[in-house]
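Fold and geometry: a report
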Amino acid sequence: LFADHVRIIEVGPRDGLQNEKKSIPVETKIELVNRLARTGLRTIEAGSFVAPKWVPQMAASDKVLSSVLKNPPSSPAPVTYQWLLPNSKGLDNYFKVMNTSASATDGYPTPPPSPQNDDGPALNTSSQDPNAMPASTSGVDSMSKSRGHGSGQKHEVSIFMSATETFSKTNTNCTIQESLDRFRPLMAESKKAGYPVRAYISVALGCPFEGADVDPHRVADIAASLMEMGADELSVADTTGMGTAPATKKLLRTLKEAGIRSEDIAMHFHDTFGQALINTMVSLDHGIRAFDSAVGQLGGCPYSPGATGNVATEDLVYTLHSLGADTGVDLEEVSRIGDWITNEIGKENGSSAGKATLAR
Ligand code: HMG
Ligand code: MG
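Residues numbered from 1 in each chain as written. Chains lettered and ligands numbered in written order. Predicted model: local features only at pLDDT ≥ 70, side-chain atom pairs only at ≥ 80, totals over all residues. Heavy atoms only, no water.

A closer look at the overall build of the protein
For clarity, the cut-off: Think of it this way: any DSSP run of H or I at least four residues long counts as a helix, any run of E at least two long counts as a strand, and we number them from the N terminus. Burial classes: relative accessible area under 20% of the type maximum marks a residue as buried, over 50% as exposed, and values in between as partly exposed (1.4 Å probe, protein chains only). Contacts are assigned to residue pairs with any non-hydrogen atoms lying within 4.5 Å of each other. All accessibility values rest on the Shrake-Rupley procedure with a 1.4 Å probe; residue burial counts only the protein chains present in the view.
Counting secondary structure elements, the protein contains 13 helices and 8 strands. The 360 residues of the protein split such that 59% are buried. When contacts within the protein are restricted to residue pairs at least 6 apart in sequence, those whose partners lie at least 24 apart make up 79%. A total of about 14100 Å² of accessible surface is found on the protein, and carbon and sulfur atoms cover 51% of it.

Here it is, written out as structure tokens:
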């Protein structure tokens, strides 16, 4: 059906773990990221720089980032790591780790951002903003090469806002307009430092407070604003899993009519109602070739009561491979990781394809 390459953005270490009540040792988080990096996954959202009083589970993300920088896992393909953050404080904390690691003890100076290398960033950097800085490989990437790691790793920033006012207030303590105002300088600063930016639009297919009928035109307006200010990719999120095939179709049509290109969109489906793969099929039909998922079907948003995990990476890979798509991901290995991490944190493995693959 689809001979195309489909890019999977593994969000398990961030979206998957952020909602876990019991504190997960940082060593486990690092092991999760390192193991995922060896499966052929090219993009991993590995942590977030948010307020620890609201999302304590992500408080050790600085340590995860340090570890990735200092001891990059040997991956079959260069991996891009993404770091979620809501504001300038988050960006400062992210830069702090980057700069500390870049000027670490072994005498290598902090290198300036270098030109993009052949692999290109994970994000589509064809920004519509003519004034936007060209995305470049981060200084840290060239630093890790100069230290002989040769991992080719790259780093990107993810920011997040909402399609409804109520969710915006709950999740980010500001209005939709305030989010946009906050992101303009944030995006510019991140891109200037060489870190491409992905922007999430939450509750695009249903809001826990305002219901299932989120206006797709509102999502499209937000998407257009984010692209205009230089976003390198949009992640359009069904936070609650309320999205249905017709609603997904309507949303993607509306985005297209508003001039948002399918190459600039990744879809982020939570699987609360078991519709994530159906909505994935609809999205593939509309030309979408990037999807977020979490190994073991981990996850849930702390501000979306009752919402369950992201679509499982194992299920997504299985479906995409069955369609003839190329993901580059080793299904058996991600299945083993899904089994391991859900066991580690005392959760049931939510991936049907993962369990079936291991039982074969
Ligand atoms: P605020 O407006 O500053 O107000 O932050 P606040 O009262 O919520 O927090 C204030 C305290 O947090 C202050 O500390 C700040 O310094 C601190 P205090 O003076 O009380 O000691 N603070 C921070 N600390 C570290 N890093 C930061 C930071 N920012 C403030 N970056 C804000 C509002 C939204 C930033 C904050 O409430 C926050 O970080 N909330 C967590 C939001 C979050 O992580 N949500 C989950 C991720 S989004 C998601 O899961 C959806 C997604 O998966 C897509 C989808 O499915 O929809 C992406
Ligand atoms: Mg999510």
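Brief notes about the pattern of salt bridges
Our working rule: Here a salt bridge means any side-chain nitrogen of Lys or Arg lying within 4 Å of a carboxyl oxygen belonging to Asp or Glu.
What the rule picks out here adds up to 14 salt bridges. In this structure, Lys-347 engages Glu-20 in a salt bridge whose closest nitrogen and oxygen atoms are separated by 3.0 Å. Of this pair, Lys-347 sits in the loop between helix H12 (331-344) and helix H13 (352-359) while Glu-20 sits in the loop between helix H1 (12-16) and helix H2 (26-37), placing them 327 residues apart in sequence. Residue classification places Glu-20 among the buried residues on the basis of a relative accessible area of 17%. One salt bridge connects Asp-264 with Arg-261, and the closest N-O pair in it is separated by 3.0 Å. Residue class for Arg-261 comes out partly exposed when judged on its relative accessible area of 32%.

Regarding the coordination of the magnesium ion (ligand 2)
The condition is simple: A donor here means any N, O or S atom no more than 2.8 Å from the metal (3.2 Å for Na, K and Ca); water is not included, so a site may seem to lack partners.
Only Asp-15 (OD), His-268 (NE2) and His-270 (NE2) from the protein reach the magnesium ion (ligand 2) as donors, at distances of 2.1 to 2.3 Å. Counting along the primary sequence, the residues that act as donors to the magnesium ion (ligand 2) give the motif D-x252-H-x1-H. Of the two residues, Asp-15 sits in helix H1 while His-270 sits in the loop between strand E7 (265-269) and helix H10 (276-285), which places them 255 residues apart along the sequence. His-270 matches Asp-15 in its accessibility class, with the two residues each being buried.

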